Structure formats: structure tokens, C-alpha cells
Amino acid sequence: MNYLLRSVAVLLGADPKKPAPGDYSEEAKALHALQKGDRNRIEQIHIEIEHKAAHKQPEKWRRRRWTVLVLVNLLFVLSYQLDIQMLEGALTASRFIGFHMADLNSALQVMLAYKQVLINLMIGTGTVLVFWWLLGGRTFCSWVCPYHLVAEWAEMAHDYLARKKIVTDHPFDRRVRTVFWLIFALLAFVTGYTVFETISPTGILSRALIYGPGLGLLWVAILLLFEIFYSKRAWCRYACPIGLTYGLVGATSPLKVTYNLATCFHEAECKKVCEVPHVLDMVVKGRATRSDLFVGADCTHCGRCVDACPTNSLNLEFKGLGRLLK
Amino acid sequence: MATQKKSARINRNERRRFLRTLVYGAGIIGASLLGFVPVLARWKQRVRPPGALKEQDFLASCIKCGQCVQVCPVSAIHLADMDEGFGIGSPFIDTRNQACDFSCDGLQCVLACPTGALTHEINYPAETDMGVARVVGEQRCLAVMGRGFSGQARGASFTGRLRYDEVDRWNPIPVRDHPYDLELCDLCVRQCPIEIRIAQCEAGKPPSGDRNQCPPRHAIRLDAIASDDGLTHRRPVILDGCVGCGVCDMICPADPGVFVIDSSRSREVAA
């Protein structure tokens, strides 16, 4: 419970904390003590990492994820353009073979602005809530949101330029996302307009794909340029209220990235690729309080850490079903 | 000494990060609030789809998903772009290019709307209130000039469609595929979906056999104008049964058209 609350606090912007000495299980203590000595194994891991860097393998989870993301958005496009009517509407609200679906944040904006609880919308919101609770909340971000995909490309460009020392990352205070969430909720209520929708790159891109491009794409381009040249992944990390909403939904989800202390050698390869590296604080030497832990609520279950980990200490798992696809 | 320097640097970095975050926050919120400008300045007055609530309520309750766009049989509905601020992604009808001719009879857009921004309280075309037509170019009106019309109402390149019951009850066809030959132009009255329904009801054949489809009031008629040139002259007059569907605007062969659609007064005043 404490661990869960801590994960929500980190989601809201708190910095991960070093656990108190009393928080560690005996097993974890023993594991932390043991690994100091295993120099051979560590050397072996380093060789493995170098080998991996020299022979880049395609990232399995990223491939799967991009495939799903493209297919979902394609289904939206084809449902309209080819009139196959499977998934009608856009990411803000839709019908999937007749069933109402409503994006939680869009529905919240509408109800706050309109100041009425809309029954139809509640049905769609409930469906989506259960769906994304089951599938891990922010899983929406990395597996469905079209902005996430283009932001990943922008991230590649940023990383490339950073290696060439042309750009440097300027991080923001992560608490600002919670402030944004509150301000946008307040603005919807006070102004009576769905203010956030005006600048939501998720909605803009989804509609642009389905109904054709527009000026909104200029805004999306500005966001991407900002992320390439100034602050890496700035929108998803520090701004998007949609992500925060889904993060809260997914805090108690059965779908998790799990961490195994016994096999981890604290190389932090995972943190290098992570969109939200604060959720991987337990991989830091001496931080894991138990031998097995799950990664917290801000995790988008993108699986990049799973691919990056040289010792397979991170895995996507569904509680009760076990490990998902190797 | 060294640790003091280090902590001073950390403090300075944190302060910078804090200030940077403030600017970032102000920038994003500021950008979103720019959406107020087009709404308050009323840059664009849009004709909304059937059943749209009063403008302020409509923009509040519309979830900007475009499901109404997808079901419209004549593709009359479009989504607003970012230059309409808070109206981004909200549906509108550009009547001159493609009016709502109620070909669906059952108001599909209303049924598709997941939030009730297009109110589910209406069921029939005559109950809608998208706006009201207004005659703005009487001097261009063929009927006023006493002239007839023959040919394609809006020319060969016009892509707008209408449902012609006598051609195909279920499929709207391009207006250019349905040329006219009229002694005195009466296209605005002839094609008015309200007038068509009134005529069908008077002939004992209401749409789908449903008497509820019968409009209670007329929407448009041509009034005779006195003249001494031996020609018949008539002038279009908008009546209180007009629902603002815009078919008169779309079909009018004058260029520019004789009509505009005002978003009706009832939609203007906030609840």
C-alpha cells in the first residue's frame, strides 16, 4: 500500500526517495550484500552490453507497440475512409463496433465545461476506464496515442543531436504536469469551454489522420521542434493531462513491468531508454526494498526497458497470468 | 569548501529549472487561452448540424470526435480547425458547398453524437434549428428578374449532392447530374426540404409513412411582384418554418448566391 502511494506521488511529480533502512526485506538485504562481490558476472555483463551496442538488435517490444499503435489509428482512418465502420469517431470519443468509448480526459473536460453528467458519455467513459485499468493506464500513451509515436521520432532526433553536442536537454520540474491537470480542469469549469482540447496534440493528430490535415498540425510541429531542440519528450513528461489521468487509472492495474533484484546488475541500461526514468529508481544499486517489485504508475508499459535490460530483469507481466510474450 | 560550491551549483540549477518550468507552464496555458480570441471575437459564425445546443453549451458539450461527420449521407459536416480556437474539432456546415438536405430523414448526426451536443430531444427535420435563411442578394435573384433557369444549377464542376425522391429515395446524387428546365426559377422553394415534406404530406404520402415527419409551418415561398413588362416576377420570402438547413443557399444558381444562413437567434443566446 505504501509502495502504491509512493508510486502515485512520483506520478504526481515527487522525486523518488531512498528507502529507509527498515523498509528492506531480509531477502533484499541479502541480495544487495551478495552482488557486491560478483565481479566476474559484472564483467560478463559489460561484455554483453558492448556486444549489444555493437550489434544493434531491433527492439522487440517497440516493434510490437508501433504495430499496434499504427493499426489502432489505421482502424480509425479506415472505418471512416473505407466505411468499414469498426471504430468510428476519433480518440476523444468513438464507437467500437457500436460500443461507446470516450477518452477519460476529454469526457472530464466536457462534463466540467458543460456542468452536466452526460449518461451516454458516462457509459463510454466507464468502458474505457475498465479497459485501461486492465491494460495498465498509461499503456494508452505508448501503445495508442499518435503523438507518442511522433514524439519518439523527435526523441531520436534529439538524442542524435545531443550526441553531436548540438543540443542539450533542459528538464522541467515534473510537478508541473499535476499543476497543468488542475489548471485545465479549472479552466474548463470556469470558462465553460474545453480549453485543453484546443491544444491537445492527441486530439489534433487523431482528427488530422481521420478527417484530413489542418492548422493544428503546426502546433504539433512546434511541440516537436521544442522537444528536439530544447527539452526531450517535454509534452508527454511534463504537460499532458491525458497521461496523468491514465496514470492514475493504471496505478492499481494488474499489467505491470516487474523487476527482479536477484538478476539485476544495476547497469541502468533501462533508465537510458525510459521516457519516465523516475519510475525505474529501484534499479539503482541499493534501492530495491524487495526482491521483486513492479514499476510505478507513470510507466507507459512501452517495453523499451524490457528490451534494453541485458539480464532480463525487467518483464511485462499480467498479475495472475504471468509473463507476457518473451 | 568543495561541497559548499557543489550545493550552490545544485541550488542554482534548481532555481533555473524552476524558472524554466514557470515559463513553460505560462507558455502552454497562454497558448491554450488564445483559443478564447476567435470565440469571443466571433471570427466565424458557423451553421451547426441539426440539434446543436446554444453555441456556448454546444462548444462546452461537444467532445470533438467527428462521429456526426462520419454518418452524414451527403458529407455536409466538417470539423473546425485550430483558427476557431475553443471551437477546434467542432462540427459545422458550409451550406453554399453542401447543405444538410435531411436525406437521412432520421437525423443520423444527432443519433451519432455521444454527448448530446446535438440534442437527442429532436427526431425530425422540422424540429431542428440550425439557423434561418436570409435574402441578401435580391438583385441577383432570377425570379425577381422574371427569368427562368435551365441547366445544371451550380455548374458542371459543383460537387454538392441532393436527394431527389423521384430519382432515388435512398441515394443522394450530384446536383450537376440533375439539370433543370424552369420557366421561372423557383429552385430555392422547389428543393427546400421542408417544402418538399409539406407537399408530400399534403399528397397523403409523408416520408416513411410517418405523419410526425410533416412540418407544421412553411419555410419559404415566392411572392408575386407587381410589374408592367409582361413577365412574371417573384421574390423569395423566408417564413418561420425555416430551420436553416441551407439547401436554398446551396441550390441558388446566382453567383454569389441570394441567401445567407444566419445561425438563428435562439442558438445565440446562452441558456
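Residues numbered from 1 in each chain as written. Chains lettered and ligands numbered in written order. Predicted model: local features only at pLDDT ≥ 70, side-chain atom pairs only at ≥ 80, totals over all residues.

J.: Can you walk me through the domain arrangement of chain A in this structure?
T.: Note on interface size: it is often stated as the accessible area lost on association of the parts. All names here are of chain A. As assigned here, chain A comprises domain 1 (2–49 + 249–323) and domain 2 (61–246). Computed over C-alpha atoms, the centres of domain 1 and domain 2 are 27 Å apart. Contact residues are listed per partner, giving 21 residues for domain 1 and 24 residues for domain 2. When residues of the side of domain 1 that touches domain 2 are traced back to their parent elements, those giving at least two are helix H14 (241–250), strand S4 (255–260) and helix H16 (304–308). The greatest single-element share of the side of domain 1 that touches domain 2, amounting to 3 residues, is contributed by H16. Of the residues assigned to the side of domain 1 that touches domain 2, the class counts are 10 nonpolar, 6 polar and 5 charged. (Domains from an automatic or database assignment. Contact = placed C-beta atoms within 7 Å. Helix = DSSP H or I, 4+ residues; strand = E, 2+ residues; numbered from the N terminus. Nonpolar A, V, L, I, M, F, W, Y, C, P; charged D, E, K, R; others polar.)

J.: Would you mind showing me how to read unusual backbone geometry here?
T.: In this model, Asp255 of chain B is joined to Pro256 of chain B through a cis peptide bond whose omega is -5°. Within the secondary structure layout, Pro256 of chain B lies in the loop between helix H8 (247–251) and strand S10 (259–262). Its identity as a non-glycine residue notwithstanding, Asp83 of chain A has a phi of 60°, on the positive side. Position of Asp83 of chain A relative to the elements: it lies in the loop between helix H4 (60–81) and strand S1 (87–90). In the Ramachandran plot, Gln85 of chain A falls in the positive-phi region, its phi being about 55° despite a non-glycine side chain. By the element assignment, Gln85 of chain A lies in the loop between H4 and S1.

J.: Teacher, can you tell me more about the domain arrangement of chain B here?
T.: Taken domain by domain, chain B comprises domain 1 (2–33) and domain 2 (39–268). Computed from C-alpha atoms alone, the centre-to-centre distance between domain 1 of chain B and domain 2 of chain B is 55 Å.

J.: I would appreciate a short explanation of helix H5 (residues 104–114) of chain A in the present structure.
T.: Helical periodicity: at 3.6 residues per turn, an α-helix aligns residues three or four positions apart in one direction. Residues and elements named next belong to chain A. Of all 11 residues making up H5, 11 are buried, and the element is well covered by its neighbours. Listed in full, the buried residues belonging to H5 are Leu104, Asn105, Ser106, Ala107, Leu108, Gln109, Val110, Met111, Leu112, Ala113 and Tyr114. With its phi angle positive at about 60°, Lys115 sits one or two positions after the end of H5. (Buried ≥ 20, exposed ≤ 12 C-beta atoms within 10 Å, placed from the backbone.)

J.: What exactly am I supposed to notice about the interface of chain A and chain B here?
T.: Contacts between chain A and chain B engage 45 residues on the former and 36 residues on the latter. Here the side of chain A that touches chain B is built from residues that sort into 26 nonpolar, 14 polar and 5 charged.

J.: Teacher, can you tell me more about H4 of chain A here?
T.: Between its terminal C-alpha atoms H4 of chain A stretches 31 Å, which fits the 32 Å expected from 22 residues at 1.5 Å a residue. Looking at H4 of chain A, one finds that the buried residues are Arg65, Asn73, Phe76, Ser79 and Tyr80 of chain A. Where H4 of chain A is buried, its residues contact S1, helix H7 (139–143), helix H8 (146–163) and helix H11 (201–211) of chain A together with helix H4 (67–71) of chain B. Once H4 of chain A ends, the next one or two residues include Asp83 of chain A, with phi positive near 60°. (Expected span 1.5 Å × (residues − 1).)

J.: Which parts of the structure should I look at to understand the nonpolar core?
T.: Within soluble globular proteins, side chains that are nonpolar tend to cluster in buried spots. Of all hydrophobic cores here, the largest spans 126 residues; its most connected members are Cys109, Cys192, Cys248 and Ile251 of chain B. Considering each element in turn, this core owes the most residues, 8 residues, to H5 of chain A. Excluding residues that lie within four positions of it along the chain, Cys248 of chain B makes contacts with Ala133, Cys188, Cys192, Ile220 and Phe259 of chain B. Ranked by size, the runner-up nonpolar core spans 28 residues in total, among them Ala28, Cys270, Leu280 and Leu293 of chain A. (Core = buried A, V, L, I, M, F, W, Y, C linked by C-beta atoms within 7 Å.)

J.: What's the story with the environment of Ala28 of chain A in this structure? I'm lost.
T.: Structurally, Ala28 of chain A is set in helix H2 (residues 26–35). For Ala28 of chain A, the contacting residues outside a window of four places in its chain are Leu261, Ala288, Thr289, Arg290 and Ser291 of chain A.

J.: I tried to follow the sheet that holds S1 of chain A on my own but got confused; where do I start?
T.: For sheets, the rule is that strands pair by backbone hydrogen bonds, running either parallel or antiparallel. All names here are of chain A. Spatial strand order, S1-S2-S3: 3 strands in an open sheet with antiparallel pairing. In this open sheet, the two strands that pair with only one neighbour each are S1 and strand S3 (99–102). Direction aside, neighbouring strands of the sheet carry axes that sit 15° apart on average. With 4 bridges connecting them, S1 and strand S2 (residues 93–96) associate as antiparallel partners. Within S2, the residue paired with Ala90 across the bridge is Ala93. Against the sheet, helix H6 (residues 119–134) contacts S2 and S3, and its axis sits at roughly 80° relative to S3. (Pairing = 2+ DSSP bridges. Axes fitted to C-alpha atoms, helices over the stretch in contact; angles between N-to-C directions.)

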